[in-house]
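Topology and contacts: notes
One letter stands for each residue in the lines below.
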Amino acid sequence: MTREVVEVTGIVFKRQRYKEADVLAKIISKDMGIFTMLVRGALRPKSKLSASVLAFSYGNYQVLTSQKGLSPLKTYKDVKQFSNLYSDLTLNSYACYLCDLVDHAFVEYQSLGEFYNLILVALTKLNAGQDPEIICQLVELQMLAAYGVRPQFKQCAICGEIHGPFDYSISAGGVICQKHFNEVARMHLDAKQVAMIRTLGLVNINRLGQINVKPDTKKAIRRAIDRIYFQTVDLNLKTKKFLDEMRRLEI
């Protein structure tokens, strides 16, 4: 395939040294999905490209690409940085995990569709100081669809009942009403926990404001989401393990 110069809008979320002075920068882009830019000479002292591909930089990047393999970076413009995600260890661990979650759901250069906006807004809200755990849980619940798991949050997954009380059943594939509590395995979540899972699974992230949730409720939802992923999605992310350790130590 012939290479062409293309301008993409995207977020750099990972970089590593390549050869003597080059950098490989992985980017989540609006138009070409997730791919790796080759940034030649980025580690040289006078490089004009290095600052544009720091982790959690975002803007417009002009690359030479065939939409296969590495795409050399030519130039850039209007590049800024999510500075808090770069400098704050806790926020950085959340951001790295969420980007990793998106990265593993798609193959190289595959369109992300609605999930590009999901991760962009999530990082923006993290950087602005919104509750990182709530944002993380929202992204995790909504990213299940990208992994081929589409939980039913709106109504009972078995009979379609729209009125509660509800619980969550992994085997049923979503929330279930009380008529089926004794028919299938369920999580035995309380009403507030199920309501929050349903809200986070359905709400447009652009409309998410500050939500005050008790720590115990957030921990219960965290355990529930971890169970859902463990039983339905085959993932073993180092970024998730690091984030879990951060949570455990409450750094």
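Structure: above.
The rules we used
- Residues numbered from 1 in each chain as written.
- Predicted model: local features only at pLDDT ≥ 70, side-chain atom pairs only at ≥ 80, totals over all residues.
- Heavy atoms only, no water.
- Helix = DSSP H or I, 4+ residues; strand = E, 2+ residues; numbered from the N terminus.
- Rg over C-alpha atoms; globule rule 2.2 N^0.38 Å.
- Buried < 20%, exposed > 50% of the residue type's maximum accessible area, 1.4 Å probe, protein only.
- Contact = heavy atoms within 4.5 Å.
- Phe/Tyr/Trp six-rings, centres within 6.5 Å; stacked < 30°, edge-to-face > 60°.
- Pairing = 2+ DSSP bridges.
- Axes fitted to C-alpha atoms, helices over the stretch in contact; angles between N-to-C directions.

Remarks on the overall build of the protein chain
Helix and strand content of the protein chain: 7 helices and 7 strands. Put simply, the protein chain runs from its N terminus to its C terminus through helices and strands in the order β-β-β-β-β-α-α-α-α-β-β-α-α-α. Relative to its length of 251 residues, the protein chain is compact, with a C-alpha radius of gyration of 20 Å against a globular reference of 18 Å. Projected onto its principal axes, the C-alpha positions of the protein chain cover 65 × 40 × 30 Å. Of all 251 residues assigned to the protein chain, the portion counted as buried reaches 51%. Pairs at least 24 apart in sequence give 60% of the contacts found in the protein chain among residues at least 6 apart.

Brief notes about the packing of aromatic side chains
All told, the structure shown has 4 aromatic pairs when counted by the stated rule. Seen from their ring centres, phenylalanine 106 and phenylalanine 115 are 5.9 Å apart, and the 55° between their planes marks the pair as tilted. Judged on exposure class, the residue phenylalanine 106 and its partner phenylalanine 115 are both buried. Aromatic side chains phenylalanine 153 and tyrosine 168 sit 6.4 Å apart centroid to centroid with 40° between the ring planes, which places their arrangement in the tilted category. Placement of the pair is phenylalanine 153 in the loop between α4 (132-143) and β6 (166-169) and tyrosine 168 in strand β6, with a sequence separation of 15 residues. Residue class for phenylalanine 153 comes out buried when judged on its relative accessible area of 5%. A relative accessible area of 3% means that tyrosine 168 is categorised as buried.

Comments concerning the environment of valine 23
With respect to the secondary-structure elements, valine 23 resides in strand β2 (residues 22-29). For valine 23, a relative accessible area of 1% puts it in the buried group. As for valine 23 and threonine 36, which are separated by 13 residues in sequence, their C-alpha atoms are 9.8 Å apart. With near-sequence residues (within four places) excluded, valine 23 lies in contact with Arg15, Gln16, Tyr18, Met37, Leu38, Val39, Ala42 and Leu43.

Side note on the sheet that holds strand β1 (residues 4-18)
Reading around the circumference, β1-β2-β3-β5-β4 is the order of the 5 strands in this closed barrel, with mixed pairing throughout. Between one strand and the next, the sheet's axes are offset by a mean angle of 50°, whatever the strand orientation. Here 8 bridges tie β1 to strand β4 (residues 57-65), and the two strands are oriented antiparallel to one another. Within β4, the residue paired with glutamate 7 across the bridge is glutamine 62.

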